[in-house]
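Residues per chain, in single letters:
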Amino acid sequence: MSTLIRGGTVVNATGAVAADVLVQGEKIAALVAPGFEVQADTVIDATGKYVIPGGIDGHTHMEMPFGGTSSVDTFETGTTAAAWGGTTTIIDFAVQAKGTSLLSTLDKWHSKADGNCAVDYGFHMIVSDVNDTSLKEMESCIDAGVNTFKMFMAYPGVFYATDGEILRAMQKARETGATIMMHAENGIAIDQLVAQALANGKTDPVQHGLTRPPELEGEATSRAIALAKVTGSPLYIVHLSASHALDAVTKARDTGQNVFAETCPQYLFLSLEDLAKPDFEGAKYVASPPLRPKEHQTELWRGLRTNDLSLVSTDHCPFCFKDQKELGRGDFSKIPNGMPGVEHRMDLLHQGVVRGELSLERWVEISSTTPARMFGLYPRKGVIAPGADADIVVYDPTAEQTLSAATHHMNVDYSAYEGMELTGKVDTVLSRGKVVVDGDGFHGGAGHGRFLGRDLNQYLV
């Protein structure tokens, strides 16, 4: 079957051009000059719209256990919501529990995802138990298409890794070409601040932000960068939220070190004021790192423009307000950490274009092309070009929408962006040539998505 997307403006990270796009089967066959006669089984009218590569969300947590509960989006519901928002690839985290092997963890996550995803997917591996066996298993994971390994400087007793353990994992990454991803917060100091707040009767959700100050994110980021420099390992800072951490990343990148960082929409659009909402409403906004004072947003947008922040992922980890977030009433430390967002990333980042924070090409770059290159999927993904997978979004830049839990497709009972009015909306989504979203209809389904074994980071020098 062939499809012609006609009349639109094709936007890649390298520029925008008026062109028609011919799809044959699952691949893009050609870009055609407007008006050139081409025969196709189906024609999609993209007049007045952008034609962009499908979004790649490099940081999601579907069906993830945390704090005695689990994130509520399954791989089916989460990837369906992703498709509605123009994201055609996710990379989720397989979570190693202490005392288990990396390979058995990978098998477990395959059993959750395989046959259940509506769009294509890959995995990162969370390494919470560093020993001779797990270090050796990192090599087997790479052979299985998983070459990014996340570690934590936070959550003592759960995921926390010592500097020595981080150093050993980084040495293995240097040896194999893998990339270490880091949750950079000083968890030891944070735990003391949390205990002190609770002892003083400070239990409201805003304390989650106040006990995880930006200075401790900056310190941990600087420490991770130093360890990476000593070992020669590539380093990727996940969900960077604070100017302190961004300063450390910027300095490292200016020296040519292989250091990269992502931020998330919640840090660009939400703030500590949301965590401070009364009547426990702030619990909806509990994630780690926490939302920061608004002045950090300006620096994060600047980092996106200058490429000190490489891309934007969501850290999608939804917990319902009722029965899950409410576990932390009277003790903010028991609120499950995580927020929903996989459906709205592309639209929220388009507001950066609307507001003049980002160019049109940079929007595509940080939401699709850079993730494809960072995580070893380019040029199969992340570009509108002959030979690439036909993961294509027809995007209406003038459509208006209001975000709400009443209309979103994520399996969670609230929206972190309730009532926010946006300009721009996904019109049509193709996943490997198949129309999965068309106007107000979903035409995809579980099992369409395929596992993506990934190559190494293409930005390494």
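To be clear, the structure that these remarks concern was listed above.
Residues numbered from 1 in each chain as written. Predicted model: local features only at pLDDT ≥ 70, side-chain atom pairs only at ≥ 80, totals over all residues. Heavy atoms only, no water.

**Structural notes on the pattern of salt bridges**
In the structure shown here, the tally under the stated rule is 26 salt bridges. Linking Glu26 and Arg450 is a salt bridge whose minimum nitrogen-to-oxygen distance equals 2.9 Å. With Glu26 in the loop between strand S4 (20–24) and strand S5 (27–32) and Arg450 in the segment after strand S21 (441–442), this pair connects stretches of sequence that are 424 residues apart. Judged by its relative accessible area of 40%, Arg450 falls in the partly exposed class. We note a salt bridge from Arg223 to Glu219, for which the minimum N-O separation is 2.8 Å. In this pair, Arg223 and Glu219 both sit in helix H7 (residues 214–231), four residues apart, roughly one turn of the helix. On the basis of relative accessible area, Glu219 is assigned to the partly exposed category, the value being 32%. Ionic contacts of the salt-bridge type, sharing partners, join the residues Glu26, Lys27, Asp120, Arg380, Lys381, Asp389, Asp391, Arg432 and Arg450 into one network. (Salt bridge = Lys/Arg side-chain N within 4 Å of Asp/Glu carboxyl O. Helix = DSSP H or I, 4+ residues; strand = E, 2+ residues; numbered from the N terminus. Buried < 20%, exposed > 50% of the residue type's maximum accessible area, 1.4 Å probe, protein only.)

**Let's talk about the sheet that holds strand S18 (residues 392–402)**
An order of S3-S2-S7-S18-S19-S20-S21 is seen for the seven strands of this open sheet, with the pairing classed as mixed. Two strands close off the open sheet at either side, each with one partner strand: strand S3 (15–18) and S21. In this sheet, strand S20 (residues 434–438) lies alongside strand S19 (residues 421–431) in antiparallel orientation, the contact comprising four bridges. If you follow Val429 over to S20, its bridge partner there is Val437. Relative to S19, helix H12 (residues 345–354) is tilted by about 125°, and along the sheet it contacts strand S7 (50–53), S18 and S19. (Pairing = 2+ DSSP bridges. Contact = heavy atoms within 4.5 Å. Axes fitted to C-alpha atoms, helices over the stretch in contact; angles between N-to-C directions.)

**Focus: the packing of H7 against helix H8 (residues 243–254)**
Between H7 and H8, the least distance of the axes is 7 Å, while the angle of their chain directions is 25°. Relative to H8, H7 is oriented roughly parallel. Only His244, Ala245, Ala248, Val249 and Ala252 of H8 make contact with H7, whose side of the interface consists of Pro214, Glu215, Glu217, Gly218, Thr221, Ser222 and Ile225. Split by residue class, the contact of H7 with H8 holds six nonpolar, four polar and two charged. (Parallel < 35°, antiparallel > 145°, perpendicular 65-115°, else oblique. Nonpolar A, V, L, I, M, F, W, Y, C, P; charged D, E, K, R; others polar.)

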